Amino acid sequence: MGTVIALDVRDPGLPEEVIDSVFAWFRQVDATFSTFRSDSEISRLSRRELGLSECSRDVREVIFLCDEVCRRSDGCFDIWTGGRCDPSALVKGWSVERASQMLAAAGARNFFINAGGDIIARGRPARDRAWRVGIRHPEQTDRLAAVLAVSDLAVATSGTYERGEHIVDPRTRNPPTGLLSMTVIGPSLAYADAYSTAAFVMGDRGASWVAGIDGYAALAITEQHRTVWTEGADHLIVRDCPTGVG
Amino acid sequence: MPIRAVVTLAATILVLVLLVSFRTPPSTSVGTLPVLPPAASSSHSPTPATTPAGSPPAGGGSPTPTPNGTGLRNGSFTGTDFPNFYGDVQVKVVVSGGRITDIVPLQYPTDRPQSAYISSVAVPLLHDEVLKAQSAQIDIISGATFTSDSYAQSVQSALDRARA
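What you see is a predicted model; the values in this text were computed from it and never measured. (Residues numbered from 1 in each chain as written. Chains lettered and ligands numbered in written order. Predicted model: local features only at pLDDT ≥ 70, side-chain atom pairs only at ≥ 80, totals over all residues.)

## Comments concerning the overall build of chain A
Threshold: Here a strand is any run of E in DSSP of at least two residues, a helix any run of H or I of at least four, and the numbering for each starts at the N terminus. Radius of gyration here is computed from C-alpha atoms only, and the compact-globule reference equals 2.2 Å multiplied by the residue count raised to the power 0.38. Exposure classification rests on a simple neighbour count of other C-beta atoms within 10 Å of a residue's own: a residue reaching 20 or more is buried, one at 12 or fewer is exposed, and one in between is partly exposed. C-beta atoms are placed from the backbone. Each residue is represented by a C-beta atom placed from its backbone, and any two residues with such atoms within 7 Å are regarded as in contact.
A tally of helices and strands in chain A yields 7 helices and 11 strands. For 246 residues, the compact-globule formula gives about 18 Å, and the C-alpha radius of gyration of chain A, at 18 Å, lands near that figure. Along the longest, intermediate and shortest principal axes, the C-alpha atoms of chain A span 55 × 50 × 30 Å. Here chain A, with 246 residues, has 52% of them falling under the buried criterion. The long-range fraction of contacts in chain A, counting pairs at least 24 apart against all pairs at least 6 apart in sequence, stands at 56%.

Right, here's the structure in full:
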């Protein structure tokens, strides 16, 4: 029904028009990529009314990135399942990344954008600390599973609980097993978003797959309720928080 | 909480929220959802009366206390299928000292009750606030979002029933 997109800019004096243009961008993304609007470009591509070469530059870019993640994940991420095209698992992160570039170009240095739990955090909220991102516990919704301190990084979480959405393994069409949630941290939210979905599908070997990708780290919660993370995530974990791990 | 109140005066952050409809699988579902108690809203700052934070939606099932000590209660809601029901919703949320102090609608479809739209945004945000309050200096929450179809629809349905 919708993703809540929250924008928090700590730099004073950012013109309102910049904020307006960011939200106009998200509306444009929705109109272009919504799989629930029959007139969206993605819906038309899905119905083969449009060929990829006839699509807008943005759509072609997203499809290109999705194909790349599909290959890299050996098909654990695949936007063409069931004969339909649904790049949503990358589009959200991709659109937030573009929005963050718009803000940065306008002079914003310290801000975050949170689109339904997919986050880009730039700069710092205060001089003496980084942004603190709480990773929601997958089963106890009023608990945090971990707390990460990030600056100039993207964070994306996938899980069965997310938005009532059912992630399926594109190879088997079955729900993945092994993990309750998978958080991926890295420089690009477009990739982090897609990697978190792919790694969630991979289950037990998802975290090590992410660790093999330069610049990306993973924090997963297993079905045995263990929180595990890759070496790259170790220095991001806040250990003095009561709900944190470690 | 007195220290928080001081912080409140020191810093004001602007959060803009937009509900868009991409990644929106329509569904009909029954969900068990946390409902915010009055304590979830900040005691030192005004909370918009349009959010259901202070009043669990009437007719939405049977709220039950949970033993986790957070003061959160669960209620069972029956969601209804509203594909693309929300459309574009934009509200300005004013956060002071990490707490939501005001929610101002900027844009919403005029054929729907305004308070329901605001609530659909405010409730998940307030829920995040509860989570943040449990740990020191949490700025952002990643993971499950309570803007899921079932959640938003349940809030909507409950509000509809409350008004009836």
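## Here's the deal with the nonpolar core
Residue and element names in this part refer to chain A. Note the threshold: One nonpolar core equals one set of buried Ala, Val, Leu, Ile, Met, Phe, Trp, Tyr and Cys residues connected by C-beta atoms within 7 Å.
Within the largest apolar cluster, 82 residues are counted, with the highest numbers of intra-cluster contacts made by Leu148, Val150, Ile185 and Ala218. For this core, the element with the highest residue contribution is helix H5 (residues 189-202), accounting for 11 residues. Ala218 has contacts with Met182, Thr183, Val184, Ala199, Gly206, Ala207, Val210, Ala211, Trp229, Thr230 and Ala233, leaving out every residue within four places of it along the chain.

## Regarding the pairing of strand E5 (residues 118-122) of chain A
All names here are of chain A. Put simply, the test is: A pair of strands is considered paired only if DSSP assigns at least 2 bridges between the two.
Where burial is concerned, most of E5 is hidden: 5 out of the 5 residues are buried. What you see with E5 is no split at all: Asp118, Ile120 and Arg122 on one side and Ile119 and Ala121 on the other are buried throughout. Hairpin connection of strand E4 (residues 111-115) to E5: 2 residues between the antiparallel strands, including Gly116 at a positive phi of 55°. Alignment of E5 against strand E8 (residues 153-159), held across 3 bridges, turns out to be antiparallel. Across the sheet, Ile119 pairs through a bridge with Val155, a residue of E8.

## Considerations on the environment of Ser181 of chain A
Residues and elements named next belong to chain A. Locating Ser181 in the fold gives a position in strand E9 (residues 179-186). Given 26 C-beta atoms within 10 Å, Ser181 falls into the buried group. Between the alpha carbons of Ser181 and Ala154 there is a distance of 16 Å; along the sequence they are 27 residues apart.

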